[in-house]
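Inside the fold
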Amino acid sequence: MEHLIKAEGDVDALVALHAQDLGPTGATHLLIAEELESAGRADEALVWAERGLRACAAETYIDVRLVDYVCARYAQTGQAADAVAVRRDRFRLERSLAAYRQLRFVAGAADCWEAERAAALAILEEDARRERGARYGGPVLIEALLDDGDLDAAWREAAGRADDRQWAQLADQSRETRPAEALGVYLRLIERSKEPTGDRAYEHLARLLQAARDCHRALGTEDAFTLFLTDLRMELKRRRKLMSILDRHGL
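These remarks concern the structure in this document.

Thresholds applied
- Throughout, a residue's number is its position along its own chain's written sequence, starting from 1.
- Two thresholds apply to this predicted model, a pLDDT of at least 70 for residue-level local features and 80 or more for giving and counting side-chain atom pairs, whereas whole-chain, interface and lining totals are computed over all residues.
- Calculation of side-chain values draws on the structure's entire complement of heavy atoms; hydrogens and water are dropped beforehand.
- Comment: elements are numbered from the N terminus, with helices defined as DSSP H or I runs of at least four residues and strands as E runs of at least two.
- Counting of polar contacts relies on pairs of N or O atoms within 3.5 Å, with two restrictions inside protein: one atom must be capable of donating a hydrogen and the other of accepting it, and residues adjacent in sequence are counted only when both atoms are side-chain atoms.
- Should any heavy atoms of two residues lie within 4.5 Å, those residues are counted as being in contact.
- Only protein chains enter the area calculation, which uses a 1.4 Å probe; residues under 20% of their type maximum are buried, those over 50% are exposed, and those in between are partly exposed.
- In a helix, the anticipated span is given by 1.5 Å times the number of residues less one.
- Read the arc as the range of directions from the helix axis to the C-beta atoms.

With that settled, the discussion passes to the side chain of serine 193. Note that serine 193 resides in the loop between helix 12 (179–192) and helix 13 (199–219). Here the side chain of serine 193 touches leucine 189 through a polar contact of 2.7 Å, landing on its backbone oxygen. Dropping the residues within four chain positions of it, serine 193 is found in contact with His204, Leu205 and Leu208.

The phi dihedral of arginine 95 is positive, around 55°, even though this residue is not glycine. Mapped onto the elements, arginine 95 comes out in the loop between helix 6 (80–94) and helix 7 (97–109). Positive phi, close to 60°, is recorded for aspartate 111, a residue that is not glycine. For aspartate 111, the position within the fold is in the loop between helix 7 and helix 8 (113–130). Looking at aspartate 111, the relative accessible area reads 74%, which means it is exposed.

The next subject is helix 14 (residues 222–235). Its 14 residues place the ends of helix 14 20 Å apart at the C-alpha level, agreeing with the 20 Å of an ideal helix rising 1.5 Å per residue. Three or more residues of helix 14 are buried, namely Phe225, Leu229 and Leu232. Looking straight down helix 14, one finds its buried side chains confined to an arc of 60°; they lie on one side. Exposed residues pointing more than 90 degrees away from the buried face of helix 14 are listed as Asp223, Leu227, Asp231 and Met234. Tucked inside the fold, the buried residues of helix 14 contact helix 13.

This paragraph deals with helix 2 (residues 11–19). When helix 2 is considered as a whole, its buried residues turn out to be Val11, Leu14, Val15 and His18. One face of helix 2 carries all of its buried residues, which in axial projection span an arc of 100°.

Limitation: the analysis is restricted to geometry and does not speak to function.
This is how it looks when you write it as structure tokens:
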């Protein structure tokens, strides 16, 4: 039926056909909007896309292409505040780093990121306090602070909250400005990384050791690293593949 209607070029009939079975994620609304836009009916297309957003307003999962479509149209028509409102609503529902980044982008363009950031971080701080989403790793709050480059705040919030991946990212970003603190992180992660085996685990351990070496160099304590590495190699000398990987990395 869809092919027949398209062959006839009857856009209204095609919209009516799709409207009979609107999906729960907004994908069908987007399809209708795209058909209308292709027919040169951009205003009607945006109305349908906005209708889709309203229909899915309470859904955690929504077709991201629909949200992107609406925000792109708002940007084209100078409706920056409306784009911010859309991204704000999605962030409050999703509480993800991706949603935070999207809010930051549109709010930055609308010159209102400072206020939006404060509100968004307050939400993430409350989530972290309640351990919302803890089963998926460390809190999104730390992800957001790291993504913003707000390392001072990230260090304050990381204690007792960050997972190993976030600690590693924080140390990587702080290696030049806070070598002593970064070194402490790397040493903890190295200790936890001694047990796993296999090439992937060994490469990860080598990268941590290289990072720790960089910190020692920045602190002027390379002799301490040499002693630490010698002891580590003695402890794990039976793992020939690990020794080979450490040699290859100059460790």
